[in-house]
Amino acid sequence: MITNFFVISPRGDTVIAKSYRSKSGVGAHERSHTEAFFRKVKFWDGVAPGTPGMDTTLGLGSGGNKLSADSLGGGSGEGSEAKENSKKFGDAPPVFIMPDGYSYMHVKRNGLIFGCATEKNISPVVVIELLSKIAKVFKDYCGTLSEESIRKNFILLYELLDELLDYGYPQVTQTENLKAFVYNEPIVVSAVADTGKMINPKTASASAVHKPVISSVDADGKKTSLAANQKNEIFVDILERLSVLFSSNGYVLNSTIDGCIQMKSYLAGNPQLRLALNEDLIVGKNSGSTSYSSGVTVDDINFNDCVNLSEWDHGRTLSFYPPDGEFIVLSYRMTGDFKTPFRIFPSIEEVEPNKLEIAVHIRAEIPDNHFGANVSIEVPLPHSTTAATCNVVNTPGATGVNAEYVSHDKKLVWTLKKFPGCTEQTMRAKITLSGPCTSQIRREIGPINMSYEIPMYNVSSLQVRYLRIAENMPGYTPYRWVRYVTQSNSYVCRL
């Protein structure tokens, strides 16, 4: 199936590498392959150099797009134009071919790149799922997924790889099933928060979530037994990611919620759990409910294999034995018919032939006891922009407000550390162009991209009514931690 597996750090260092078979006639060291792969991912130019018909030297197609000697020099300015065009390709796709003839596939987790190569014609979706499983198992056994935790647990992770893959084919990929075959203990590393400068601790994971699923040793080599030091805890996250498209008038054109209920259990004895959701939860828009129903309506729900659905239809209650490590109990999807947390109202005015004024007005439609954290709004500007100045109309309650023009990327960046609910924020910018504003230049403005996170709030109104142990166990008092987080996935407004 796969020829080799590797993990690459954000700097391009090969942290873990394992080869399962080698291609005849290829004598290069495996590290040179991972270095070439990392350069391709880091500086993606929009083409796969190993694809038939592609020039493997310049990475360009053979159809007359090669750079001439003049353009590589400084004479004609075509080189700078090609350099600007190369910035438009964005991130590398998860699957592409390299000049060595291998197909490379990868996923990114916490800044690390989990990748592999294969010379066989296999399903990319299967390999992507396998890489995601390996990253999840590494996190479950190390507690945290970082370069430091991987370096300190080399022996354990190579032992896991021997059980996960045999001659490049997946064998055992479930965390609980691997326990019987793993004998090394993880070295606990303090977690590194990946949520940026979060201003509310409710959105950051509790330190207990980063404990490994097996007994471990600390940095000083002292053994920490799970049975002796662990509280009976279970962590539940209701995560929702919003994809919304606004028109230039502020109306919603398309809106989708992708949500999931995620758990991590540290309960001794692995007891059966019962999880109850809204009693008025309706699955499917064509399930016979009226449009005036006050219940929560989702398009579809997918359940984990461990879930027992015998009480789902009449009580919206799930029962299950939680597996080891982090797992998703259910995932759901909702389209349309929900109130967006933020509304965007843009406007563009041409004050002079080469000067524009852009105003972006955002209204927070979440309750006043909630707020948006780490809010960022980006407005792409035309390539002919020579200067831009922006100012923000502040309202009480907002903190960490800043707006600036990034000349290198030709865009306006407006950030707010805290955006309180039921408030409005406005940014105004004056743009100077190198020439007259034509309809073509006007089309280069936008779309506006917004990213944010709202702690302890969910848009769909899906709630956990209760989470309890199915059997009555005297003296067994588990700690239940439930949090709600709403994040933007693609929050875009056309101009």
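Above: the structure in question.
Residues numbered from 1 in each chain as written. Predicted model: local features only at pLDDT ≥ 70, side-chain atom pairs only at ≥ 80, totals over all residues. Heavy atoms only, no water.

### Re the overall build of the protein
Inference 1: The secondary structure content of the protein amounts to 10 helices and 30 strands.
Inference 2: Considering the protein as a whole, with its 495 residues, one finds that 45% of them fall into the buried category.
Inference 3: Long-range pairs, those at least 24 residues apart, make up 71% of the contacts in the protein between residues at least 6 apart in sequence. (Helix = DSSP H or I, 4+ residues; strand = E, 2+ residues; numbered from the N terminus. Buried < 20%, exposed > 50% of the residue type's maximum accessible area, 1.4 Å probe, protein only. Contact = heavy atoms within 4.5 Å.)

### Topic: the side chain of Thr-118
Inference 1: With respect to the element layout, Thr-118 can be found in strand 7 (residues 112–118).
Inference 2: Its relative accessible area of 0% is what places Thr-118 among the buried residues.
Inference 3: Here the side chain of Thr-118 touches Met-1 through a polar contact of 2.6 Å, landing on its backbone oxygen.
Inference 4: Within the structure, the side chain of Thr-118 is placed 3.1 Å from the backbone nitrogen of Lys-120, a separation counted as a polar contact.
Inference 5: With residues near it in sequence (within four places) discarded, Thr-118 still touches Met-1, Ile-2, Thr-3, Tyr-102, Ser-103 and Met-105. (Polar contact = N/O pair within 3.5 Å; in protein donor to acceptor, adjacent residues only side chain to side chain.)

### Things to note about empty space enclosed by the protein
Inference 1: Within the structure shown, the criterion is met by 2 cavities of 30 Å³ or more.
Inference 2: Around the second largest cavity, the lining residues are Ile-234, Leu-267, Leu-273, Leu-467, Arg-468, Ile-469, Pro-478 and Arg-480.
Inference 3: By residue number, the principal contributor to the lining of the second largest cavity is strand 29 (residues 464–469), which donates 3 residues.
Inference 4: Across the lining of the second largest cavity, the residue classes break down as 6 nonpolar, no polar and 2 charged. (1 Å grid on protein atoms, 1.4 Å probe; cavity = no way out; pocket = protein on both sides within 12 Å on 5 of 7 lines; lining within 4 Å. Points joined across faces, edges and corners; volume = space filled by probe spheres on them. Nonpolar A, V, L, I, M, F, W, Y, C, P; charged D, E, K, R; others polar.)

### Comments concerning the sheet that holds strand 26 (residues 411–420)
Inference 1: Read across the open sheet, the 9 strands follow the order 17-20-13-12-30-28-23-26-25; overall the sheet is mixed. Bordering the open sheet on either side are strand 17 (300–303) and strand 25 (402–406), each of which pairs with just one other strand. Going across the sheet, the axis of each strand differs from the next one's by a mean of 10 degrees, ignoring polarity.
Inference 2: The pairing of strand 23 (residues 371–380) with strand 26 spans 9 bridges and is antiparallel. Its bridge partner lying in strand 26, Ile-377 is registered against Trp-414. (Pairing = 2+ DSSP bridges. Axes fitted to C-alpha atoms, helices over the stretch in contact; angles between N-to-C directions.)

### Points about the environment of Pro-323
Inference 1: As for its placement among the helices and strands, Pro-323 is situated in the loop between strand 19 (317–320) and strand 20 (326–335).
Inference 2: Among the residues examined, Pro-323 registers a relative accessible area of 17% and is labelled buried.
Inference 3: Remark: the alpha-carbon pair of Pro-323 and Asn-270, spanning 53 residues in sequence, is separated by 8.1 Å.
Inference 4: When residues no more than four places from it in sequence are discounted, the contact partners of Pro-323 are Glu-176 and Cys-306.

### Remarks on the packing of aromatic side chains
Inference 1: One pass over the structure, following the stated rule, counts 15 aromatic pairs.
Inference 2: Measuring from ring centre to ring centre gives 6.5 Å for Phe-5 and Phe-114, while their planes differ by 45 degrees; the resulting arrangement is tilted. With a gap of 109 residues between them, Phe-5 in strand 1 (residues 4–8) and Phe-114 in strand 7 connect regions that are remote in the sequence. In terms of burial, Phe-5 and Phe-114 fall into one category: buried.
Inference 3: Just above the ring of Tyr-167 sits the side chain of Arg-21; from NZ or CZ to the centre is 4.4 Å. (Phe/Tyr/Trp six-rings, centres within 6.5 Å; stacked < 30°, edge-to-face > 60°. Lys NZ or Arg CZ within 6 Å of the ring centre and 35° of its normal.)

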